[in-house]
Amino acid sequence: MKNYINYVAATLAIATLTQCKPKSASQVVTGDAASKVYVAPGKYDEIYNFVSGGFSGQLAVYGLPSARLLKVIPVFSQNPENGWGYSEETKPMLNTSHGFIPWDDLHHVALSQTDGLDDGRWVFVNGNNTPRVARINLKTFRTEEIIELPNSSGNHSSPFLTENSEYVIAGTRFSTPLEGNNDVPISTYKENFKGTISFIKIDPTSGHMSVPFQVVMPPFNFDLSRAGKGPSHGWFFFSCYNTEQANTLLEVNASQRDKDFVVAINWKKIEEYAKANKGRVTTSKYAHNIYDDKVHSATSTISDGIVQFDAAELKGMIYLMPCPKSPHGCDTDPTGEYIVAGGKLAATIPVFSFSKMLKAIENKEFDGEFAGLPVIKYESALYGEVPKPGLGPLHTEFDDKGNAYTSMFVSSEVVKWNIKDLKVIDRKPTFYSLGHLMVVGGGTKHPYGKYLVAYNKITKDRYLPTGPELAQSAQLFDISGEKMEMLSDFPTIGEPHYAQAIEASKIKDGQVRFFKIEDNQHPFVTKGEKESKVVRTGNRIDVYATCIRSHFSPDNIEGIQMGDEVYFHVTNLEQDWDVPHGFAIKGAAMAELLIMPGETCTYKWNPDRVGVVPFYCTDFCSALHQEMQGYMRVSPKGSSVKLVWSLGDFSSDAPVAPAEKK
Amino acid sequence: MKKNVFRLLLTGAFATIVFVACNSEGKKEGEQASTDSTTAPAVVGQSGVVDDQSQKNVVGVAVGSPDHTTLVAAVKAAELVDALSNAGPFTVFAPTNAAFAKLPAGTVEGLLVPEKKETLQEILQYHVSVGVYKLENLKDGQQIDEVFGGKVTIGVKDGKYTVNGANIVATVPASNGIVYVIDQVIFAPAKK
């Protein structure tokens with residue numbers, strides 16, 4: 001066969017193809033876009049936008065419409081910026097059944113809901129790699145709880161919430177052999193591998209998570225999900241691909257069948273089944289980590305015992321709806337009647353009807369079974385298809401006017417279409433190759449609408465170049481009119497996947513500004529400088545320290561020896577909004593602590609050499625911040641230097657121990 | 001009043017940029033930064049990225065081939081340049097000029113008119129699959145789903161590869177997929 005490579009290379013003198021397409025004013029950002037995103041200095045944004053950080057493992061918070069980055073909330077990854085996952089108090093949050101893990105891949109975001117509306121209490125996010133779900137408290141913007149999911153791999157189809165936050169769902173991307181039968185050849189995928197769908201129950205008051213049951217599914221790759229709402233409340237809908245059940249070269253082998261499935265699960269029935277104590281209990285271990293603001297500390301508990309059901313035994317609870325081809329997004333419209341699945345290799349977008357689905361089930365309009373689950377006839381549950389929507393449909397969100405917005409990865413555009421007549425209304429390019437998109441409140445019963453943000457996978461020339469690694473881009477659209485209008489373009493952290501957004505008014509007034517020192521129940525709290533002390537227990541040293549503008553107490557410590565393990569418990573005595581203090585010791589294999597007012601954080605330090613070691617406040621806190629520092633003297637092991645500590649001793653003598661003061 | 005002046009200025013700036021872009025056949029490196037930063041440049045997708053260092057994508061491969069000028073003209077007329085410049089991955093069956101010339105006289109010209117854009121898109125999308133199907137993995141009788149129109153059938157006989165009977169005469173890897181040069185235009189079977 002003739003090889004064209006050399007010949008093509010020789011003729012590549014022609015530069016990259018450039019285009020001069022027809023350009024109308026509607027295709028570009030117009031003059032008033034600037035005023036639509038302008039938030040005057042000192043004014044607040046209208047919307048909080050919670051944007052997954054993808055491989056950063058964190059959650060970014062932007063204000064819209066300005067697209068100003070307000071905060072990065074550390075969740076699954078250590079964050080040296082504020083000591084998350086480094087301080088003794090937060091290390092347990094990153095504990096798993098595999099031990100401490102410093103990173104994960106955070107994909108999806110689910111704001112807690114009451115009656116199908118975002119209530120602004122919590123936001124749930126998933127960790128893909130070592131399957132976990134985290135809950136963030138929106139009063140503190142801190143991760144408060146992380147639960148690991150046993151018998152799960154690739155926690156992609158997660159976290160999606162029911163309309164009263166009864167359950168968060170977590171479905172597996174990777175099927176694997178399950179416990180008791182897990183050392184098997186990979187080639188026995190079809191026989192031995194299983195997917196699971198975990199139901200995480202949410203305590204309505206505390207938000208605490210538990211996993212009452214898991215459903216063992218055929219080895220499909222579960223991709224995304226949505227709960228039903230309104231009439232379809234009580235159901236979950238999942239997209240899945242690899243119904244071919246391939247275990248190698250999925251890019252080819254998982255694209256063979258013309259249709260995969262949307263899986264409809266009646267979770268209320270499964271809940272009843274679970275209450276009847278059916279199912280078997282596995283011994284799989286999983287970590288459950290809870291951070292408590294009263295003690296400013298997290299605990300990690302390793303639990304075991306998850307109740308499992310086989311999908312095939314749940315008669316009348318799980319149905320398959322054929323769906324063209326490798327569906328990715330699976331989204332329920334605000335009325336709860338329509339389920340939209342974006343088949344990334346499909347030429348159309350199928351829209352399923354919940355009421356038709358129920359009728360089909362009632363009339364047994366089935367096309368046989370697949371893996372023991374009834375398959376509803378495609379046409380029986382189908383409301384209609386959006387013809388020629390674009391290339392590579394992925395995710396769909398909804399506005400408050402009966403329109404849907406679907407992201408088209410391959411053709412890189414947002415396509416707006418009407419849910420009732422399935423006609424395309426508008427399409428706008430994004431830059432470049434968007435994955436997820438979100439409308440403010442787009443997952444609720446009553447979307448807020450107004451803004452849509454597209455989160456892209458490719459940035460290339462959008463911003464000033466920064467070498468081979470570029471920030472990923474997002475574009476903000478005004479969707480209040482018939483046609484979408486692109487307003488602005490902004491870089492994001494990590495890799496944005498899904499995001500959600502909520503009216504600022506639902507969150508901003510409930511914020512914690514500082515922690516009351518009298519409520520601090522940390523076991524090593526120091527509630528006043530007079531209580532500061534240093535205690536030796538064997539080779540463990542506990543420093544009960546305080547900080548306040550602009551000194552630490554104590555700030556001179558002697559009598560530490562090589563081989564000691566030093567725990568510096570620093571309590572910030574400030575009771576004033578936005579006056580954190582930082583803490584760091586020279587040469588410590590640690591990140592800083594960033595201690596909020598009223599909080600206690602602990603810095604672990606193993607001195608590695610004899611000498612005098614400085615420490616200081618790392619957060620500019622006052623005009624005398626640069627004076628906020630201290631020294632520790634490290635002596636050889638067995639040294640006769642006494643353990644003493646002090647603050648503000650002006651004598652030339654060595655610091656005086658409290659025992660001597662008395 | 002002030003706002004109107006502002007708008008007027010912006011509109012003026014915008015018109016200038018469009019003018020510049022059209023005359024220079026697209027963006028020049030650094031143009032976005034050097035021009036008025038408050039006005040968005042004209043809309044060009046990833047095909048407009050100025051980058052002569054990276055490996056060519058499937059469109060770049062076709063553009064660089066003197067045997068594919070008809071295909072390139074068709075891809076432009078069908079407004080598929082941007083889609084095919086995106087991440088893909090694509091397997092493109094790229095008919096040569098000679099392949100197009102085998103069609104009845106006037107067919108190509110008839111498809112390049114704006115009214116036939118949709119038909120042209122459908123034909124071209126039957127030559128594109130999302131996924132990289134490497135030659136060494138192709139099997140006789142294998143069916144591959146195309147973006148539009150359904151499946152094509154691969155033939156492998158005596159070391160020769162065909163797609164719907166058209167010969168695969170060359171293989172060109174691209175940054176976002178693979179281009180198979182074929183000697184016939186292929187058509188989706190008529191819908192029953």
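Provided above is the structure to which this section pertains.
Below, the structure is looked at part by part. The model shown is predicted, which means the values in this text are computed figures rather than measured ones. (Residues numbered from 1 in each chain as written. Chains lettered and ligands numbered in written order. Predicted model: local features only at pLDDT ≥ 70, side-chain atom pairs only at ≥ 80, totals over all residues.)

### Here's the deal with the overall build of chain A
So, point 1. Helices and strands together make up the secondary structure of chain A, namely eight helices and 46 strands.
So, point 2. A globule of 662 residues ought to have a C-alpha radius of gyration of about 26 Å, and chain A, at 28 Å, matches this closely.
So, point 3. Expressed along its principal axes, the backbone C-alpha trace of chain A runs to roughly 90 × 65 × 60 Å.
So, point 4. Expressed as a percentage of the 662 residues in chain A, the buried residues total 52%.
So, point 5. When contacts within chain A are restricted to residue pairs at least 6 apart in sequence, long-range pairs at least 24 apart make up 61% of them. (Helix = DSSP H or I, 4+ residues; strand = E, 2+ residues; numbered from the N terminus. Rg over C-alpha atoms; globule rule 2.2 N^0.38 Å. Buried ≥ 20, exposed ≤ 12 C-beta atoms within 10 Å, placed from the backbone. Contact = placed C-beta atoms within 7 Å.)

### As for the overall build of chain B
So, point 1. If you tally the helices and strands in chain B, you get eight helices and seven strands.
So, point 2. In chain B, which comprises 192 residues, the proportion classed as buried is 42%.
So, point 3. Sequence separation of 24 or more characterises 57% of the internal contacts of chain B that already satisfy a separation of 6 or more.

### As for the environment of Asn418(A)
All names here are of chain A.
So, point 1. One can find Asn-418 in strand 29 (residues 413-418).
So, point 2. The class of Asn-418 is partly exposed, set by 14 C-beta atoms lying within 10 Å.
So, point 3. Residues Asn-418 and Ile-541 lie 123 residues apart in sequence; the distance between their C-alpha atoms is 67 Å.
So, point 4. Every residue in contact with Asn-418, bar those within four places of it in the chain, is listed here: Gly-402, Asn-403, Lys-423 and Ile-425.

### Looking at the sheet that holds strand 31 (residues 434-439) of chain A
Residue and element names in this part refer to chain A.
So, point 1. Spatially, the four strands line up as an open sheet ordered 31-32-33-34, and their pairing is antiparallel. Strands with a single pairing partner mark the edges of an open sheet, and in this sheet they are strand 31 and strand 34 (485-492). Ignoring which end each strand starts from, the neighbouring axes of this sheet average 20° apart.
So, point 2. With five bridges joining them, strand 32 (residues 451-456) and strand 33 (residues 472-478) adopt antiparallel strand pairing. Following the sheet pairing, Tyr-455 is matched in strand 33 by Ala-474. (Pairing = 2+ DSSP bridges. Axes fitted to C-alpha atoms, helices over the stretch in contact; angles between N-to-C directions.)

### Let's talk about the pairing of strand 22 (residues 338-343) of chain A
Residues and elements named next belong to chain A.
So, point 1. Burial analysis of strand 22 places six of its six residues in the buried class, which makes it a mostly covered element.
So, point 2. Every second residue of strand 22 is oriented toward a common face, with Tyr-338, Val-340 and Gly-342 on one face and Ile-339, Ala-341 and Gly-343 on the other, all of them buried.
So, point 3. Bridge count for strand 21 (residues 327-332) against strand 22 is four bridges, and the pairing is antiparallel. Residue Pro-327 lies in a different strand from strand 22, and its bridge partner there is Gly-343.
So, point 4. In sequence, strand 21 turns back onto strand 22 through a hairpin of five residues, with Gly-336 there showing a positive phi of about 85°.
So, point 5. Judged from the three bridges that link them, strand 22 and strand 23 (residues 348-353) form a sheet pairing that is antiparallel. Across the sheet, the residue bridging to Tyr-338 is Ser-353, located in strand 23.

### Some details on the sheet that holds strand 27 (residues 393-398) of chain A
Residue and element names in this part refer to chain A.
So, point 1. A sheet is described by the order of its strands in space; here four strands give the open sequence 27-28-29-30, paired in antiparallel fashion. Looking at which strands have only one partner, the edges of the open sheet turn out to be strand 27 and strand 30 (424-429). Strand-to-strand twist across the sheet, computed as the mean angle between neighbouring axes with direction ignored, equals 20°.
So, point 2. Pairing analysis gives four bridges linking strand 27 to strand 28 (residues 403-408), with the strands arranged antiparallel. Directly across from Glu-397, in strand 28, lies its bridge partner Tyr-405.

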